[in-house]
Every structure is written in C-alpha cells, then in structure tokens.
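Residue-level structure breakdown
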Amino acid sequence: MTATTLPDTPAPDAGHPDAVRERDRWAASADAWDRWADPMADLADKLNRPLLDAAGLTEGHRLLDLASGAGEPALSAARRAGPDGLVVGSDLVPDMMAGAVRRARSVEGPAPAFTAADMTALPFADAAFDGVTCRFGIMFVPGVDAALREVRRVLRPGGKAAFMVWGPRAGNGLFAEIGDVVADHLGEDGSLDPLFRFAKPGLLSEVMRAAGFAETSETELTPVRKAPAGQPFWRAALDMSFGHRLGGLSAERRKALEQDIAKRFDAQAVDGIVPVPSHARIVVGR
C-alpha cells in the first residue's frame with residue numbers, strides 16, 4: 001500500500017522563538033534520522049510495542065501519531081491497526097517525514113498517512129481518533145498545555161493518549177556519555193536539556209490532568225542494552241542528537257570527538273560487553 005501524504009497545514013505555534021529553534025535543529029538532523037531509520041528499526045520496535053500497547057491500539061482503530069519523525073511508531077501502528085484501521089503520522093518539521101514517506105512506500109499492507117502539523121493546532125475534527133501516541137516528542141513543544149488540550153479534543157470519549165518520554169539523563173548512558181564528550185569538544189549548548197523536560201516522575205501526569213485528562217498512569221522502562229566493545233554502536237545517537245552541531249566540523253575534529261566517545265564506552269566494557277542503561281517512561285491519559 002502506498003503511503004499517503006496529506007496537505008500541509010499552517011502551524012500557528014511555529015513562529016514561537018523556541019519552536020523556531022527546535023524546528024531548525026530537527027531540520028538540520030533530518031538526513032541523519034532518515035539514514036539511521038532502517039538500521040535502528042529493530043531497536044525502535046522494542047520501544048514501539050509497549051507504547052502501542054499502552055495506547056490500547058487494536059485492529060480497526062484510528063490512531064494519530066505525533067512527532068513521527070522518520071516514521072516511528074506510525075509504521076508499526078499501521079500494521080497493528082490493519083486494513084480497517086487508520087494511522088496518521090504527523091510532525092512539525094516536514095523534512096523529518098521524508099524518511100517516513102520513503103519507508104512507507106516499501107510497506108506491504110497498511111501504511112500510515114503523513115502530514116505536517118503543529119501539535120498546538122491539529123488539523124483534525126473533534127473526536128476523530130481512538131488513540132494518540134507520541135514517542136519522545138512532547139518534550140520539545142513550547143506550548144505543551146495547548147498541545148495536550150488539542151490531543152484531548154481529537155480523541156473520542158474514552159480514548160487514550162500515550163506519551164513516551166525520557167527519564168533522567170544520568171539513567172541514559174548514550175546521552176550522558178556522548179553529551180559530555182560533545183560538550184568537552186564543542187562547548188555546552190544545552191542541546192540535550194529538552195529531552196529531560198519530563199524526567200521527574202509524575203510531572204507529565206500533572207500537566208495532563210491540568211489540561212483536562214481525567215485519569216493518568218505511568219510505567220517505567222529501564223532496559224540495559226548489551227553492546228559489543230570496540231563497535232560504534234553509539235554513532236546513530238551521536239548523529240541524530242547532535243547532527244545540528246556536527247555538520248561544520250572538519251574531518252580531523254570529528255575523528256577526535258568520535259575517538260573520545262569510543263574510549264569512554266570501551267572503558268566500561270566487561271568481558272567485551274558494554275552495558276548501556278536507558279530510562280524511559282510511558283505516561284497514559286484518558
């Protein structure tokens with residue numbers, strides 16, 4: 001089935017200074033997200049499955065996925081919703097969805113529709129969806145209260161919204177180690193700060209209840225990835241999280257930065273394996 005691209009919709013919040021900065025950041029990293037989307041698909045699916053479970057997605061459901069980026073978890077959701085369902089993937093940055101549209105063209109069976117959309121002014125009718133998902137995107141929205149009210153508006157009565165956010169930086173080995181090395185080489189610019197906006201337990205639930213969600217619940221995910229020492233398993237995270245800072249580096253500076261990252265992780269290896277902890281949280285609201 002061919003992926004559908006819906007018309008772009010004006011985004012009122014897109015002129016907000018913070019939104020402009022985030023849009024520029026993600027536009028600069030879009031190529032990296034597209035390039036790594038396929039190699040990282042299996043790891044992505046390990047995050048997709050619990051998020052879609054939390055949203056209650058089943059065959060025949062209508063789901064809106066926010067901040068879809070290169071297509072996750074919209075592509076997985078479309079397979080689960082089946083031919084009688086509908087999955088719409090959206091992102092504020094059209095460039096980020098180029099990879100999603102490319103990947104969906106090769107899908108056998110149901111594929112999502114994709115559209116550029118601002119979370120704070122969604123171009124959909126009231127009660128249009130059974131569920132809404134957002135994987136690692138709500139943290140970057142300046143007007144989060146307006147976004148959550150819009151999510152409530154497009155949900156049918158009794159529908160679920162499921163958000164996945166990062167826990168504390170210290171519990172996320174890739175971000176912690178790579179971020180420290182990038183700061184050592186290029187200076188600290190706060191690039192990672194938005195990722196941990198809702199790291200505190202209960203914070204996003206509190207904001208959701210203030211926006212009108214009647215019930216909320218939270219689930220912690222703390223897997224530890226076992227990565228082979230001496231392999232650049234960290235390169236995808238470097239490119240996707242810091243692509244906006246790496247583009248202008250000389251080959252020599254990029255090499256030196258990567259060598260320092262490799263040294264950090266190799267120093268943590270035990271019997272040739274580097275333990276890489278991660279900490280995410282799924283927050284569900286009705």
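Owing to the predicted nature of the structure, the values given are computational and were not obtained by experimental measurement.

**Topic: the pairing of strand E2 (residues 62-66)**
Counting buried residues along E2, four of its five residues qualify, which places the element largely inside the surrounding structure. In this fold, the crossover linking E2 to strand E3 (residues 86-91) by way of helix H3 (residues 74-81) has right-handed handedness. Bridge count for E2 against strand E5 (residues 129-135) is four bridges, and the pairing is parallel. When the bridges of E5 are listed, Leu66 appears paired with Cys134.

**A few points about the packing of aromatic side chains**
Under the definition given, this model contains five aromatic pairs. On the basis of an interplanar angle of 5° and a centroid distance of 4.0 Å, the ring pair of Phe136 and Trp166 is categorised as stacked. A residue pair is termed long-range when its members are at least 10 positions apart, and Phe136 in the loop between E5 and helix H5 (144-154) and Trp166 in strand E6 (residues 155-166) qualify at 30 residues. In terms of burial, Phe136 and Trp166 fall into one category: buried. Each ring, one from Trp166 and one from Phe175, has its centre 5.0 Å from the other, and the planes form 80°; the classification is edge-to-face.

**Points about the pattern of salt bridges**
Under the definition given, this model contains 17 salt bridges. For Arg264, the salt bridge identified is with Asp184, shortest N-O distance 3.6 Å. Taken as a pair, Arg264 in helix H9 (residues 251-266) and Asp184 in helix H6 (residues 173-186) lie far apart in primary sequence, 80 residues in all. Here Asp184 falls in the exposed class, since its relative accessible area comes to 58%. The network of salt bridges with shared partners includes Arg169, Glu177, Asp180, Asp184 and Arg264.

**Section: H9**
Taking 1.5 Å of rise per residue, the 16 residues of H9 would be expected to cover 22 Å, and the 22 Å separating its terminal C-alpha atoms lies within 8% of that figure. Buried residues of H9: Leu257, Glu258, Ile261 and Phe265, and no others. When H9 is viewed along its axis, its buried side chains cluster within an angular range of 95° and face the same direction. Along H9, the residues that are exposed and aim more than 90 degrees away from the buried face are Glu252, Lys255 and Lys263. The inward-facing, buried residues of H9 abut H6, helix H8 (235-246) and strand E9 (273-277).

**Structural notes on the packing of helix H2 (residues 41-54) against H3**
Interaxial distance between H2 and H3 falls to 10 Å at its minimum, and their mutual angle equals 55°. Looking at the two axes, H2 sits oblique to H3. Note that H2 runs across H3; the crossing there is right-handed. Across the interface between the two elements, Asp45, Asn48, Arg49, Leu52 and Asp53 from H2 touch Ser76, Ala77 and Arg80 from H3. Split by residue class, the contact of H2 with H3 holds two nonpolar, two polar and four charged.

**A look at the nonpolar core**
Within the largest apolar cluster, 64 residues are counted, with the highest numbers of intra-cluster contacts made by Leu64, Ile138, Leu148, Phe163, Ile178 and Leu238. Per-element tally for this core: the top contributor is E6, with seven residues. By size, the runner-up hydrophobic cluster in this structure holds 17 residues, among which are Leu75, Met97, Ala104 and Val107.

**Regarding the side chain of Glu150**
Structurally, Glu150 can be placed in helix H5. A relative accessible area of 14% places Glu150 in the buried class. Setting aside residues up to four positions removed in sequence, Glu150 forms contacts with Met119, Thr120, Ala121 and Leu122.

**Notes on the environment of Asp130**
Turning to its location among the elements, Asp130 is positioned in strand E5. The exposure class of Asp130 is buried, given its relative accessible area of 17%. As for Asp130 and Leu63, which are separated by 67 residues in sequence, their C-alpha atoms are 5.9 Å apart. A polar side-chain atom of Asp130 sits 2.6 Å from a polar atom in the side chain of Arg156.

**Description of the confidence of the model for the chain**
The predicted coordinates should not be examined in detail at positions where pLDDT is low. For the chain, the mean per-residue pLDDT works out to 90, and 90% of the residues sit at or above 70. Contacts of residues 1-14 to residues separated by more than four positions or lying in other chains number 37 contacts, the stretch itself having pLDDT below 50.

**Focus: the pairing of E3**
In terms of residue burial, E3 counts as a mostly covered element, since five of its six residues are buried. Where E2 and E3 come together, four bridges link them in parallel fashion. When the bridges of E3 are listed, Arg62 appears paired with Leu86. Alignment of E3 against strand E4 (residues 113-116), held across four bridges, turns out to be parallel. Paired with Val88 across the two strands is Ala113, which belongs to E4. What joins E3 to E4 is helix H4 (residues 98-105), and the crossover it makes is right-handed.

Criteria and cut-off values
- Residues numbered from 1 in each chain as written.
- Predicted model: local features only at pLDDT ≥ 70, side-chain atom pairs only at ≥ 80, totals over all residues.
- Heavy atoms only, no water.
- Buried < 20%, exposed > 50% of the residue type's maximum accessible area, 1.4 Å probe, protein only.
- Helix = DSSP H or I, 4+ residues; strand = E, 2+ residues; numbered from the N terminus.
- Right-handed = clockwise from strand over helix to strand, strands pointing away.
- Pairing = 2+ DSSP bridges.
- Phe/Tyr/Trp six-rings, centres within 6.5 Å; stacked < 30°, edge-to-face > 60°.
- Salt bridge = Lys/Arg side-chain N within 4 Å of Asp/Glu carboxyl O.
- Expected span 1.5 Å × (residues − 1).
- Arc of directions from axis to C-beta.
- Contact = heavy atoms within 4.5 Å.
- Axes fitted to C-alpha atoms, helices over the stretch in contact; angles between N-to-C directions.
- Parallel < 35°, antiparallel > 145°, perpendicular 65-115°, else oblique.
- Left-handed = near helix turned anticlockwise from the far one by under 90°.
- Nonpolar A, V, L, I, M, F, W, Y, C, P; charged D, E, K, R; others polar.
- Core = buried A, V, L, I, M, F, W, Y, C linked by side-chain atoms within 4.5 Å.
- Polar contact = N/O pair within 3.5 Å; in protein donor to acceptor, adjacent residues only side chain to side chain.
- pLDDT = per-residue confidence, 0-100.

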